[in-house]
Amino acid sequence: MSSYGTAVASPVLAGTGLMKSFGLTRALAGVDVSVWAGESLAVMGPSGSGKSTLLHCLAGIERPDEGQVLLAGERVDQLGEPHRSELRRTRFGFVFQSGQLLPELPADENVALPLMLGGMPRRRAVHKAREWFPVLGLAGKEERRPGELSGGQAQRVAIARALVGGPQVIFADEPTGALDQITGMEVIDLLVDITRKQGAALVVVTHDEQVARWCDRTVRVRDGHLTEHDRTPHTARGARYDR
């Protein structure tokens, strides 16, 4: 039984014994980390600590030199690049610091893009994408291009794009880094809440302690090792920033 009331036999995503080097630099030195469905995990650490490499290995972007990554019991690290690419499109979702929306597309098509790349007809994909706009407070913004959106609105579009395919795991790499403090806290609040409601696991790489406090659990990476595991008390989840 997980801490969030969902009976599961194993974590949805687990990395065990992960080792990764770039030349003579050891980025990961035998890391074990797991995340359950409905759980949010913050990964913190100074620049160069290995936290982004950990995310990339868990997400199938990089192959670990040693160790294994399991998604619902399936070895991600043993898949070839075509299969890992399909997995990233269908079973994983991604939210980046800059959003990485395509400027020439309206918001609804940006959200629908993963579905269309997977072969869904455009009209059906856009209809499915538009269902997320009222959920994320974006009603009426469907036809606006990224340049016509505020930073917070654009990041909400990026969250919708990450969620539209019903992924098992969402990876967020510094999702509030380009936003002001209040907008950033609103975005991380929304991201944590909606992924939990969807039953997806959330992995957030951040350097911001306030962002980490929104997550259920925090692990800290230093010199390629996990040095701390912190669980956020439920009493600390609420008014976590001053408006």
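Residues numbered from 1 in each chain as written. Predicted model: local features only at pLDDT ≥ 70, side-chain atom pairs only at ≥ 80, totals over all residues. Heavy atoms only, no water.

A.B. asks: Give a description of the pairing of strand β10 (residues 225-231) that names residues and reports values.
C.D. replies: Each regular strand carries side chains that alternate between the two faces of the sheet. Bridge analysis of strand β9 (residues 217-222) against β10 gives 6 bridges, and the strand direction is antiparallel. Counterpart to R217 in the pairing with β10 is R231. Hairpin remark: β9 followed by β10, antiparallel, with 2 residues in the connecting loop; positive phi at D223, about 50 degrees. (Pairing = 2+ DSSP bridges. Helix = DSSP H or I, 4+ residues; strand = E, 2+ residues; numbered from the N terminus.)

A.B. asks: Tell me about the confidence of the model for the protein chain, and please be specific about residues and values.
C.D. replies: On average, the protein chain scores 89 in pLDDT, and the residues at 70 or more come to 92%. Least confident of the elements in the protein chain is β10, whose mean pLDDT is 81; most confident is helix α4 (residues 122-130), at 97. Within the model, pLDDT remains below 50 along residues 1-8, and this stretch shows 10 contacts once partners closer than five positions in the same chain are excluded. Per-residue pLDDT stays below 50 along residues 238-243; that stretch engages in 13 contacts with residues further than four places along the chain or on separate chains. (pLDDT = per-residue confidence, 0-100. Contact = heavy atoms within 4.5 Å.)

A.B. asks: Give a description of the sheet that holds strand β5 (residues 74-75) that names residues and reports values.
C.D. replies: If you trace the 4 strands from one edge of the open sheet to the other, you get β2-β1-β4-β5, paired in antiparallel fashion. The open sheet has two free edges, formed respectively by β2 (25-35) and β5, since each of these has just one partner strand. Where strand β1 (residues 13-22) lies against strand β4 (residues 66-71), 5 bridges are found, and the strand directions are antiparallel. Considered in β4, the bridge of A14 is made with L70.

A.B. asks: Describe the sheet that holds strand β7 (residues 169-173), listing the residues and the values that go with them.
C.D. replies: Read across the open sheet, the 6 strands follow the order β6-β7-β8-β3-β9-β10; overall the sheet is mixed. If you trace the sheet from one side to the other, it starts and ends with β6 (92-96) and β10, each paired once. Put simply, the sheet's adjacent strands are angled 20 degrees from each other on average, direction ignored. With 4 bridges joining them, strand β3 (residues 40-44) and strand β8 (residues 201-205) adopt parallel strand pairing. Along β8, the bridge assignment pairs A42 with V204. The strands touched by helix α6 (residues 151-163) within the sheet are β6 and β7, with β6 carrying the most contacts at an inclination of about 165 degrees. Here helix α7 (residues 181-198) sits on the sheet in contact with β3, β7 and β8, set at roughly 155 degrees to β8. (Axes fitted to C-alpha atoms, helices over the stretch in contact; angles between N-to-C directions.)

A.B. asks: Let's hear about the environment of P146: which residues, and what values?
C.D. replies: Mapped onto the fold, P146 is located in the loop between α5 (132-135) and α6. Look at P146 and you get buried, because its relative accessible area is 17%. Counting along the chain gives 98 residues from P146 to G48, while the straight-line C-alpha distance between them is 31 Å. Filtering out sequence-adjacent residues up to four positions away, P146 remains in contact with L101, L102, P103, L105 and N110. (Buried < 20%, exposed > 50% of the residue type's maximum accessible area, 1.4 Å probe, protein only.)

A.B. asks: Quick one: what's the story with the side chain of S49, residue by residue and with numbers?
C.D. replies: For S49, the location among the structural elements is in the loop between β3 and α1 (51-58). Side-chain polar atoms of S49 contact the backbone oxygen of P46, separated by 2.8 Å. With near-sequence residues (within four places) excluded, S49 lies in contact with A27, V221, R222, D223 and G224. (Polar contact = N/O pair within 3.5 Å; in protein donor to acceptor, adjacent residues only side chain to side chain.)

A.B. asks: Can you explain unusual backbone geometry? Please cite residues and give values.
C.D. replies: Positive phi values are uncommon outside glycine, yet A72 reaches one of about 50 degrees. When you line up the elements, A72 lands in the loop between β4 and β5. Look at E174: it is not a glycine, yet its phi comes out positive at around 50 degrees. Note that E174 resides in the loop between β7 and α7.

A.B. asks: Could you give an account of α6, with specific residues and numbers?
C.D. replies: Over its 13 residues, α6 runs 19 Å from end to end, which matches the ideal 18 Å to within 8%, given 1.5 Å per residue. The buried fraction of α6 is high, at 10 of 13 residues. Residues of α6 that are buried sit in contact with β6, α3 (107-117), α5, β7 and α7. (Expected span 1.5 Å × (residues − 1).)

A.B. asks: So what about α7? Which residues, and what values?
C.D. replies: Helix length check: α7, at 18 residues, gives a terminal C-alpha distance of 26 Å against a target of 26 Å (1.5 Å per residue), a fit within 8%. Residues of α7 that are buried include every one of T183, G184, M185, V187, I188, L190, L191, V192, I194 and T195, and no others. Structurally, the start of α7 carries an N-cap: the backbone nitrogen of I182 is 3.2 Å from a side-chain oxygen of D180. In the stretch just after α7, G199 is the one whose phi turns positive, near 75 degrees.

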